[in-house]
Amino acid sequence: MAGLWDAALRGEAAVRRAALAAVDAALLEGVLMRTEAEPNTSDVVSYAPFTLLPSAVPSALFRQAYAVQQDFNLLVDAISQDGEFLERALASTIKVDDFTARLFRIHLQVLEEGLAQSVFLGINRSDYMFDCGAPGAPALKQIEINTIAASFGGLASRTAAVHGRVLKELGMAEEASRLLPNNPSEGLASGIAKAWELYGSRSAVVMFLVEEVQRNIFDQRCVENELWNRNIRVIRKRFRDVFEKGSLDEARRLYMDGQEVAVVYYREGYVPKNYDQQNWEARLLLERSRAVKCPDIATQLAGTKKVQQELSRPGTLEKLLPGRTEAIARIRATFAGLYSLDMGEEGDKIAATAIANPDQFVLKPQREGGGNNLYGEELRQVLEKIKDSPERTSYILMDKIQPQPTRNYLLRAHSPLKASECISELGIFGVYVRQGKELVMNEAAGHLLRTKAVEHADGGVAAGVAVLDTPYLPTPSLGFTVGPSPVAGRISPSGLPDSMGTARALQPPGSCCSLQHTPLPPRPFLSRGGALVKQPELCCFSGTCKATAPEERPRWLRGHPAIGVLPSVTNLALCSGSVLWLIPQLPRRGSCWGG
């Protein structure tokens, strides 16, 4: 894939023209950040860093990442409700890591007092890389799951339009049409809106808890505007505002400046520097309240690196997700090697192995936000220093993933334009809402692709290392639509089937098509109500439609070499090799399907 766009970028002049068009498109689409010089004012803004061209992503791994997201939503929710598991998993960490320990103490204090919160909202992002280290096809391997302040869903909703404009500028309109619709902003807002609705007070507000320095405000505004469009009032407050003006009434309803707060959406609070003593007191006040926290503190703890490592132990997933054999298999397939550094023989052996082979591992502390992991010689030096100390239990070890570099241009304001060897990380946003014990929403809510130069081992967009990107699938995939036809139908925000779509009966294609049947392995698909349904059989057909006049051919069939049927689900599917397009049944016209 290193030369995917080489033909379109012949010469420096073509690259510079494309870059100029790309920057203007980013400004036009609102792919924006505040500047480092003025991070708390929008008087002067710049474009957020992004790739000149979309990056190729293996279609099968992209589908796999979406298919497993609802499983991860269920897993995170299950962990957050299992206090005994959290206590066991974090027992060694909280002895040496003060930040995790303070979060855990608040968790215990809230449990002891009794939860006032009855509606629970999870917004997470599961991040992956494509591992080419083993023989055979690339494998999807999870880097981490972010359960607090998972960012860039807003700007990711706008990045595909920028890359589509660049490809058209380069005369590649067909390739531009393959970029997937992606609107995490709407997906995240739908979860917040559902939690607000279930809270039960139409006059209550949603509170975004934000950082003191707000360079990434436009990413947040994208989600905020989706809520305003639903007539849900949004306020923006900092921890210090909560400390000074926040209060609880006798029913533990949360008030800010006299306004009842239904949902607290954290966009900070994930690293130690976010807290002083006043901010810890504000966090406790929020956790004690009846308001829906996104996340509540148990869910934040579920996203720690130590919990990630403990999930890889044999039998752990089975205890957390009893009876969900297929979900467990999908989750476990994404795990890289994860290793405990707890004191004892197991930890001693893995520490010695990593010291001897530092390029094969990543040393990960219990921190979020990027730029914290250790690699290579730095990993070896740190482990040598702490190998006999309980301090090592504040870290975990993970196998280092080996992605295949590709060539691209990373566009940053005031930086020279040059080609770089790059690697990418795919994130899938997940949203779930639970009321009491009933899960009322469980969805994949869109995707985020971030790309960085190979010389940077760690760090995200906010850390100034990675840039925003758009996945380009070499063959069409996940082109899901709902509605009366693929042209007129509304595309679901995540690019997946709209969970509110209504299934329709499927009839045989009739005499207009000559088809050959090829069975494919079972695959999971979203069905009505957002439930993940495992299909017993997928029948893919090859052949061509006999109707020769364009007006007689189904509009959705024109240009596609194959159609297929899901016999156990009332949907029609278009196939192209291993690629699947789901669309609802269309009205028949004579012996052919109408378009």
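Everything below is about the structure printed above this text.
Keep in mind that this is a model prediction, so the values were computed, not measured.

Calculation notes
- Residues numbered from 1 in each chain as written.
- Predicted model: local features only at pLDDT ≥ 70, side-chain atom pairs only at ≥ 80, totals over all residues.
- Heavy atoms only, no water.
- Buried < 20%, exposed > 50% of the residue type's maximum accessible area, 1.4 Å probe, protein only.
- Helix = DSSP H or I, 4+ residues; strand = E, 2+ residues; numbered from the N terminus.
- Pairing = 2+ DSSP bridges.
- Expected span 1.5 Å × (residues − 1).
- Contact = heavy atoms within 4.5 Å.
- Phe/Tyr/Trp six-rings, centres within 6.5 Å; stacked < 30°, edge-to-face > 60°.
- Lys NZ or Arg CZ within 6 Å of the ring centre and 35° of its normal.
- Salt bridge = Lys/Arg side-chain N within 4 Å of Asp/Glu carboxyl O.
- Polar contact = N/O pair within 3.5 Å; in protein donor to acceptor, adjacent residues only side chain to side chain.

> Give a detailed account of the pairing of strand β16 (residues 395-399), specifying residues and quantitative values.
Within β16, four of the five residues are buried, which leaves it mostly tucked inside the rest of the structure. Here strand β14 (residues 361-365) runs beside β16; their pairing, made up of five bridges, is antiparallel. Pairing of Pro365 across the sheet is with Tyr395, part of β16.

> Provide a residue-level description of helix α3 (residues 69-80), including the pertinent values.
Every α-helix winds through 3.6 residues per turn, so residues three or four apart in the chain are directed the same way. Here α3 contains 12 residues, and its C-alpha end-to-end distance of 17 Å stays within 8% of the 16 Å for a straight helix at 1.5 Å per residue. Counting buried positions along α3 yields 12 of 12 residues, so the element is predominantly enclosed. Taken residue by residue, α3 has Gln69, Gln70, Asp71, Phe72, Asn73, Leu74, Leu75, Val76, Asp77, Ala78, Ile79 and Ser80 as its buried positions.

> Outline the environment of Tyr255, supporting the account with residue identities and numerical values.
By the secondary structure assignment, Tyr255 is in strand β10 (residues 254-256). On a C-alpha basis, the gap between Tyr255 and Leu286 in space is 10.0 Å, while along the polypeptide they are 31 residues apart. Filtering out sequence-adjacent residues up to four positions away, Tyr255 remains in contact with Lys245, Gly246, Ser247, Asp249 and Glu260.

> Quick rundown of the packing of aromatic side chains? Include the residues and the values.
This structure, assessed with the given rule, holds 10 aromatic pairs. Look at Tyr47 and Phe50: their rings are 5.8 Å apart centre to centre, the planes differ by 75°, and that puts the pair in the edge-to-face class. Residue classification places Phe50 among the buried residues on the basis of a relative accessible area of 1%. Aromatic pair Phe239 and Tyr266: ring centres 6.5 Å apart, planes at 50°, arrangement tilted. With Phe239 in helix α11 (residues 239-245) and Tyr266 in strand β11 (residues 259-266), this pair connects stretches of sequence that are 27 residues apart. Phe239 sits in the buried class, given a relative accessible area of 1%. When the ring centre of Tyr199 is taken as origin, the NZ or CZ atom of Arg290, which lies over that ring, is 4.3 Å away.

> Provide a residue-level description of the pattern of salt bridges, including the pertinent values.
Tallied over the entire structure, the rule returns 35 salt bridges. Residue Arg215 is joined to Glu36 by a salt bridge in which the shortest nitrogen-to-oxygen separation is 4.0 Å. With Arg215 in the loop between β7 (205-209) and α10 (217-229) and Glu36 in the loop between β1 (32-34) and β2 (45-47), the pair connects residues that are 179 residues apart, well separated along the chain. By relative accessible area, Glu36 is classed as exposed at 67%. Between Glu384 and Arg380 there is a salt bridge; the shortest N-O distance is 4.0 Å. Pair noted here: Glu384 and Arg380 are both in helix α18 (residues 376-386), with a separation of four residues, about one helical turn.

> Residue-level account of the side chain of Gln117, with values.
Within the secondary structure layout, Gln117 lies in the loop between α6 (98-113) and β5 (119-131). Here the side chain of Gln117 touches Lys293 through a polar contact of 3.0 Å, side chain to side chain. In this view, Gln117 contacts Ser289, Arg290, Ala291, Val292, Lys293 and Asp296; residues no more than four positions away in its chain are not counted.

Coordinates in, geometry out; function isn't part of it.
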